[in-house]
Amino acid sequence: MSTNTISSRAQELSENIYHVKSLISQVEASRPARRPVTLVAVSKYKPASDILDCYNAGQRDFGENYVQEFIDKAKELPADIRWHFIGTLQSNKAKALAATPNLHALHTLTSSKTATLLSKNLSPNRTSPLKVFIQINTSHEDSKSGLSPLSASDGDGEDRETLISLCKHVIRDCPGLHLEGLMTIGSIVESKSSEENKDFARLSETKSRLEETLRSTLEEAEGLIWGEEVIDGNGDGKGRRQLLLSMGMSSDFEEAIRQGSDFVRVGTGIFGQRQTKSG
Ligand SMILES: *Cc1c(COP(=O)(O)O)cnc(C)c1O
């Protein structure tokens, strides 16, 4: 064993994580009390050595976007990492994805077919269900995947049915999965705006509307479990079942937390710029 020298890259990553975490804490302190925000370090295109440096600095939640890259990294990295899959998932890759025992959460569920495949093909070595977030396309951009958000003007439309039936499928028919919440990416324009982010507001409104339905149908009528108990600061100190929100990236995670985020996904802000295929 060599003496305790820490590389300059390890030093840099550790400082970046510390910096992002302190910004998260500052914003958390200024909003109504809620469960602590989880920082997901998004490591796509970055080498396993970077992830290990962050791990040694105490980071445990990491996000990956590509199935093969994820599988390869998970194999060689510590087994107590909580992996979050945040990339678009084609149903034909669901089985391969599900085989990694420490896959902690999927943030991009959009179909019942994929949900069934994941639930049926989970590793037998898992100790808990796979948490899933349903992706919502709050900005209605063709380039982004996700189901439509719910709003006051929807009534009982088709979009509403699609989202509710996916939730019910996960809760009732997929014993390997746990419906954890909702996720959005949001538009770049909103991300750069200095005002309230409309994508985050749409996700938050969708969450409230969906929760009402889940409470009255599945929870009260059938005793089924979804989301997490959250103390929502209404004074009685009691938790209520809520959906958690995955929103906020390097450029907008502080605003996302102000607007109620529980999971922020930060890549560039920790690892620096990425070399991407598309540039
Ligand atoms: C790449 C990616 C991120 C991280 O983006 P940064 O801007 O680098 O922080 C977050 N969420 C998703 C879904 C991503 O694909």
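How each quantity is defined
- Residues numbered from 1 in each chain as written.
- Predicted model: local features only at pLDDT ≥ 70, side-chain atom pairs only at ≥ 80, totals over all residues.
- Heavy atoms only, no water.
- UniProt positions renumbered as here; feature names shortened; annotations may be inferred.
- Salt bridge = Lys/Arg side-chain N within 4 Å of Asp/Glu carboxyl O.
- Phe/Tyr/Trp six-rings, centres within 6.5 Å; stacked < 30°, edge-to-face > 60°.
- Helix = DSSP H or I, 4+ residues; strand = E, 2+ residues; numbered from the N terminus.
- Buried < 20%, exposed > 50% of the residue type's maximum accessible area, 1.4 Å probe, protein only.
- Expected span 1.5 Å × (residues − 1).
- Contact = heavy atoms within 4.5 Å.
- Near = heavy atom within 4 Å.
- Polar contact = N/O pair within 3.5 Å; in protein donor to acceptor, adjacent residues only side chain to side chain.
- Areas by Shrake-Rupley, 256 points an atom, 1.4 Å probe, with all protein chains shown as cover.
- 1 Å grid on protein atoms, 1.4 Å probe; cavity = no way out; pocket = protein on both sides within 12 Å on 5 of 7 lines; lining within 4 Å.
- Sits in = over half its atoms within 2 Å of the grid points.
- Nonpolar A, V, L, I, M, F, W, Y, C, P; charged D, E, K, R; others polar.

- The chain goes by Pyridoxal phosphate homeostasis protein in an unreviewed UniProt entry, where it is assigned to Sistotremastrum niveocremeum HHB9708.
- The chain has a UniProt comment under Function (unreviewed entry) that states "Pyridoxal 5'-phosphate (PLP)-binding protein, which may be involved in intracellular homeostatic regulation of pyridoxal 5'-phosphate (PLP), the active form of vitamin B6."
- Database annotation for the chain, UniProt heading Cofactor (unreviewed entry): "pyridoxal 5'-phosphate".

### With respect to the pattern of salt bridges
1) Next: In the structure shown here, the tally under the stated rule is 17 salt bridges.
2) Next: Across the pair Glu190 and Lys198 runs a salt bridge whose closest N-O atoms are separated by 3.8 Å.
3) Next: Each of Arg9, Glu12 and Asp50 takes part in salt bridges that share partners, so that together they form one network.

### Concerning the packing of aromatic side chains
1) Next: Tallied over the entire structure, the rule returns five aromatic pairs.
2) Next: Plain terms: the ring middles of Phe62 and Trp83 are 6.1 Å apart, the flat faces sit at 50 degrees to each other, and that makes the pair tilted. Taken together, the residues span a long stretch of sequence, with Phe62 in strand S2 (residues 61–64) and Trp83 in strand S3 (residues 82–85) at a distance of 21 residues.
3) Next: For the ring pair Phe70 and Trp83, a centre distance of 5.7 Å and an interplane angle of 80 degrees mean the geometry is edge-to-face. One end of the pair, Phe70, is in helix H3 (residues 67–76); the other, Trp83, is in strand S3, and 13 residues separate them in sequence. The pair Phe70 / Trp83 is uniform in exposure class, with both members buried.

### Some points on unusual backbone geometry
1) Next: The backbone of Tyr45 sits at a positive phi, close to 70 degrees, despite the residue not being glycine.
2) Next: Following the sequence through the fold, Tyr45 ends up in the loop between strand S1 (38–42) and helix H2 (48–56).
3) Next: Residues other than glycine seldom take positive phi values, yet His140 does so here, at roughly 55 degrees.
4) Next: Considering the arrangement of structural elements, one finds His140 in the loop between strand S5 (130–135) and helix H6 (158–173).
5) Next: On the basis of relative accessibility, which here comes to 52%, the residue His140 falls in the exposed class.

### A word on H6
In an α-helix, one full turn covers 3.6 residues, which means residues spaced three or four apart are oriented alike.
1) Next: Counted at 1.5 Å a residue, the expected span for H6 with its 16 residues is 22 Å, and the 21 Å between its end C-alpha atoms agrees.
2) Next: Burial in H6 covers these residues: Arg160, Leu163, Ile164, Leu166, Cys167, His169, Val170 and Ile171.
3) Next: Among the structural elements, strand S4 (103–109), helix H5 (112–120), S5, strand S6 (177–183) and helix H8 (198–222) are those in contact with the buried residues of H6.

### Observations regarding the site of the ligand
1) Next: Around the ligand lies a shell of 13 residues, among which Lys44, Asn65, Ser250, Gly267 and Thr268 are the nearest.
2) Next: Between the ligand and the protein, one listed contact pairs an oxygen atom with a side-chain N or O atom of Ser250 at 2.5 Å.
3) Next: In this structure, Arg265 approaches the ligand through a side-chain N or O atom, which is 2.9 Å from a nitrogen atom.
4) Next: Burial of the ligand by the protein amounts to 89% of the accessible area it has alone, namely 390 Å².
5) Next: Of all the cavities here, the one that holds the ligand is the largest pocket.
6) Next: Here the residues of the shell around the ligand sort into six nonpolar, four polar and three charged.

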